Amino acid sequence: VNSRAEPFISGLNEPQREAVLTTEGPVLMLAGAGTGKTAALTARLAHLVASRRAWPSEILCVTFTNKAAREMRERVGQLIGPAVEGMPWLGTFHAIAARMLRKHAELAGLQSNYTIIDTDDQIRLLKQLITGNDIDEKRFPARQLAGLIDRWKNRGLLPGDLDAVENEAYANGKGEQMYRLYQDRMKALNACDFGDLLLHTVTILKRHPDVLSEYRRKFKYIMVDEYQDTNTVQYLWLRLLAESKGEAGHNICVVGDDDQSIYSWRGAEVANILRFERDFPGAKIIKLEQNYRSTPQILAAASTLIGANSERLGKTLWTEKDAGDRLRVIGVWDGPEEARRVGDEAESLMRQGIRLADAAILVRAQHQTREFEDRFIQIGLNYRIVGGFRFYERAEIRDALAYLRVIAQPSDDLAFERIYNSPKRGLGQKTLEKMHRHARATGLPLAAAALDICDTDELPARARNTLLQLMRQFAHWRDEARTLAPAELMRQVLDESGYTEALQAEKTPEANGRLENLSELARAMEEYETLGAFLEHVSLVMDNDSADDADTITIMTMHAAKGLEFDHVFLPGWEEGVFPSQRAIDEGGLKSLEEERRLAYVAITRARKRCTIMHAANRRIYGQWTSSIPSRFVEELPEDMIDMESTMTGGASLWRANFSEREDPFAHVAAAQPARTMTRGPGFRRASSGDYDPAPKRIRETHRSAASFAAKPRTDIAIG
Ligand code: ATP
Ligand code: MG
C-alpha cells in the first residue's frame, strides 16, 4: 500500500499509522484521552475503502452515539470524497442491530415492520401484565420490573437463563415468569424494546448458523469505538460476528481506554477490553501516547487524578502543546453564585470574540442544569442542553407544575388532564372522555366538571370515589396555598398525591434522577414568595427558545460528553455528595468511587485550553442550607497545575452586599454557625504532582500500579 497516496495517513503519528495500516487480524488500540483513537479509527475506515480492501457496505463500524456516527461519516466523506456510497453499517449498536433485525425479523418471531416501543409504552404494558397476574403493582412497580428486564437483556439473558437470585429479584420469585410473559406479549404485538434489538439479534446469530456465516462473510472488517463501555450482550454480538471459526475474517479493531469506562451502571463491562487479547489470540496491541487535545496542565491534572485509581492498566501520556493556563478551582458561596460566575465567564469569552459553541458546562447529574438555565435565561445567554431535556420540560417537572397550575388556576384544563391519573390512580381514558363530555355539556372547565360529574351516576363507583378524593385534595391544597410557601406546598402536594411514593417505589436510577429533579424544583421555588410569581417565571423560561442557528453554550452531563472536546470546559459542583455522588459515597466500595474518578478524568480531558472547576460552600437542600465540602477529587489535583480562587475571602460583608436588594437568605446560617461558614476558604489539603516537571513539554504519568502496561508482560492484560 502506498500510504503517501493517502494524505489522511501522512498526518498521523507512527502508532496511529500502524493502527490504520494493520488491516488484517485483531487490533486493540488502547490509549488515554485525546490521543487520536477516534481519529485513527476514522482514517482506518477511509483507508479500507480507498485501498479497495472493502466496499463501504462490507465494513461494520460501531460508535457510541448517533452523533459520533454522523461525524465519522462526514469525516470519511471529506477524506476520500463522494466516491463512498453511504456506510450502511456505521452506527450505534442499537442502530446496527435494528437494521439486522429488520432483515431477519421472522427468525425472532416478529414481522419486518415491527415497532420499537418507548419506555412509556413499555411501562403501560408491564403494568397490565402485573395487575393481570395479581401482583400488587404498588409494592412491585412496573418500572422496577422494566429496570430488571433491561439489566437481563444487557447481560444477554433470556427468560430461561435467569438464575434463582435473578428470579427472586422481582415480586418474590416472579421474575422469570413476568419476563417471559412480557416477551411473549411483545411478540404478539410485533414490537421490540431497545434491549430486544441486540438480544434478538444475538439469539438469531446463535441459532441460525447460516445467517451467522452470511454476516461473517459480509463484514470483512469490524471496528468499535469506546470499546471499554460495551456491555455483555454487545460483546457477545461482536464476538459472534468476528470469530473466524476457520473462515476468513477475524479483522476486528477495537479502540478504548480503561480509564474512561463510565457506564458500568448500564451494564458495561470494562473486563471486555481487558480480555480482548485472550478472545482474539495474536491481537496486535497498539498504544497511543501523544495527546493532541489538551494543554500540558490539563493533561497533568487529569493524569494525576486518575493515578489515584488502583484498578487500571496505567499509561503514558505526553503532549507537544505549549504550556497553557493552569486549571482553575473556584470556590463560590452557593449555587446561584456558581451560575452567575459561569454566566459572567461566558460573557467575557464572547467579548474576547470566542464562540459560545467552544465552551461547555459538564455536570454530574441532570438536575444541576436548572440553576444555569435560570441564570442564562435571565441574562439572555443562549444555551442548549445536549442529551436530555431542558429542566422545565422534563416529565416529572411538568407533572409537578401541572398540579400547581390546577391549584393556582382551576380552569387549567390541560394541566388537569396531565395529572388526573398521574400517579396512576385507576382513572382511565373512559373517565376522561366522560369528564370531557360533561364539561362540554355544562360549559364548566374540566376540573370543575370532574367534581360535578361525581354528583351523577355516570361514573362507576370506584372511579367516582377516586375522583372525588382527588378533588377534595385539590380543595385542601388550594386552602394551604394561602398560607404555605410555594416550595412547601409543592412538597406537600407531591407527598399527598402519592407522586413521590410512586417514584420511590420504582428503585431505578431513572426514578432517583426524577426525585432529584423534584428536589431541585423545590430549591428553585424557594426563591419565590407566591405560587403565581413562580409559575410566571416558569412560563417565561419555557418560552425562551433560542434560535437554531444561534451560537450556544452547551450544557450536558459528563457521561454524555464522552468522546467530545471543547476549548473551554466548566465543571461545577465538585463537592462531596454531588461529585462524587452521594450514592457512590454511600455504596462505599472502591468500585463506585473509582468509576466516579474515571468520570472526573473524562470530564477534565474534554478541555482543550481551559478547565474551570467550581465548588460551592453551601447548597440548599429541602429548604435547609447545608455547608458542603469540596470534592475529594479537588484535593487530588496536583497543586502546581491549579490556581485556587475563592470568592469568599471578603468575609460576610462582601457576600452580603450581593443581597442588599432582597431579604438576606443566609440569616439563619450565619446565625447558627457564623465563624465556620464565613471564613471557609480554600485551605484544604491537596496532592502534589510529584513526578511532574512543569518546564518540559513531555509529561510522564505516575502510576500507582507498578509500571505502564507496555512494560508488563502482555498476558497481564488478558485478565477476566
Ligand atoms: P477520547 O478518548 O476522548 O475519545 P480520542 O483518543 O478518541 O479521545 P480524538 O478525539 O480522536 O482522540 O482526537 C483528539 C484531538 O486530537 C482531535 O481534535 C483530533 O483531531 C486531534 N488529533 C488526533 N490525531 C492527530 C494527529 N496525528 N495530529 C494532529 N492532531 C490529531
Ligand atoms: Mg474518541
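Residues numbered from 1 in each chain as written. Chains lettered and ligands numbered in written order. Predicted model: local features only at pLDDT ≥ 70, side-chain atom pairs only at ≥ 80, totals over all residues.

Peer 1: Is there a simple way to think about the nonpolar core in this case?
Peer 2: The tendency in soluble globular proteins is for nonpolar side chains to be buried side by side. Residues Met29, Leu45, Ile222, Ala301, Leu362 and Ile604 are the most contacted members of the largest nonpolar core, which totals 144 residues. In terms of residue count, helix H3 (residues 37-50) provides more of this core than any other element does, eight residues in total. If we skip the residues at most four places from it in the chain, Ala301 touches Leu327, Ile604, Leu637, Pro638, Met641 and Ile642. Counting residues in each nonpolar core, the second largest holds 43 residues, with Ala415, Tyr420, Ala449 and Leu489 among its members. (Core = buried A, V, L, I, M, F, W, Y, C linked by C-beta atoms within 7 Å. Buried ≥ 20, exposed ≤ 12 C-beta atoms within 10 Å, placed from the backbone. Helix = DSSP H or I, 4+ residues; strand = E, 2+ residues; numbered from the N terminus. Contact = placed C-beta atoms within 7 Å.)

Peer 1: Is there a simple way to explain the packing of helix H2 (residues 14-21) against H3 in this structure?
Peer 2: In a pair of packed helices, the angle between the axes and the distance between the axes together describe the arrangement. Direction vectors running N to C along H2 and H3 enclose 40°, while the axes themselves pass 8 Å from each other. Here H2 is positioned oblique relative to H3, judged by the angle of their axes. Where H2 crosses over H3, the two elements pack in a sense that is right-handed. Together, Gln16, Ala19 and Val20 of H2 and Ala40, Ala43, Arg44 and His47 of H3 make up the contact between the two elements. Tallied by class, the residues present in the contact of H2 with H3 amount to four nonpolar, two polar and one charged. (Axes fitted to C-alpha atoms, helices over the stretch in contact; angles between N-to-C directions. Parallel < 35°, antiparallel > 145°, perpendicular 65-115°, else oblique. Left-handed = near helix turned anticlockwise from the far one by under 90°. Nonpolar A, V, L, I, M, F, W, Y, C, P; charged D, E, K, R; others polar.)

Peer 1: In this structure, what is going on with the site of ligand 1? I would like to understand it.
Peer 2: If you check the shell around ligand 1, you find 18 residues, and the closest are Gly36, Lys37, Thr38, Ala39 and Tyr292. The dominant element in the shell around ligand 1, judged by the number of residues it contributes, is H3, at three residues. Its residues placed into classes, the shell around ligand 1 shows five nonpolar, nine polar and four charged. (Near = placed C-beta within 6 Å.)

Peer 1: Got a minute to help me understand helix H16 (residues 335-351) in this structure?
Peer 2: Count 3.6 residues to each turn of an α-helix, and residues three or four apart come out pointing the same way. Relative to the 24 Å expected for 17 residues at 1.5 Å per residue, H16 spans 25 Å between its end C-alpha atoms, a close match to the ideal helical length. Listed in full, the buried residues belonging to H16 are Gly335, Glu337, Glu338, Ala339, Arg341, Val342, Glu345 and Ala346. The first or second residue beyond H16 is Gly353, which carries a positive phi of 85°. (Expected span 1.5 Å × (residues − 1).)

Peer 1: Mind showing me how you'd approach the pairing of strand E9 (residues 327-334) here?
Peer 2: Each regular strand shows side chains that alternate between the opposite faces of the sheet. Among the eight residues that make up E9, seven are buried, leaving the element largely enclosed by the rest of the structure. Taken together, the five bridges between E9 and strand E16 (residues 642-646) define a ladder with parallel strand orientation. In the strand pairing of E16, Arg328 is matched with Asp643. (Pairing = 2+ DSSP bridges.)

Peer 1: Help me understand the sheet that holds strand E7 (residues 252-256) in this model?
Peer 2: What links the strands of a sheet is backbone hydrogen bonding, and the strands pair in either a parallel or an antiparallel sense. Strand order in this open sheet of six strands is E3-E2-E6-E7-E1-E8, and the pairing throughout is parallel. Since the sheet does not close on itself, it has two edges, and those belong to strand E3 (90-91) and strand E8 (284-286), each with one partner. Against the sheet, H3 makes contact with strand E1 (27-30), strand E2 (59-62), strand E6 (221-224) and E7, and its axis sits at roughly 160° relative to E6, the strand it touches most.

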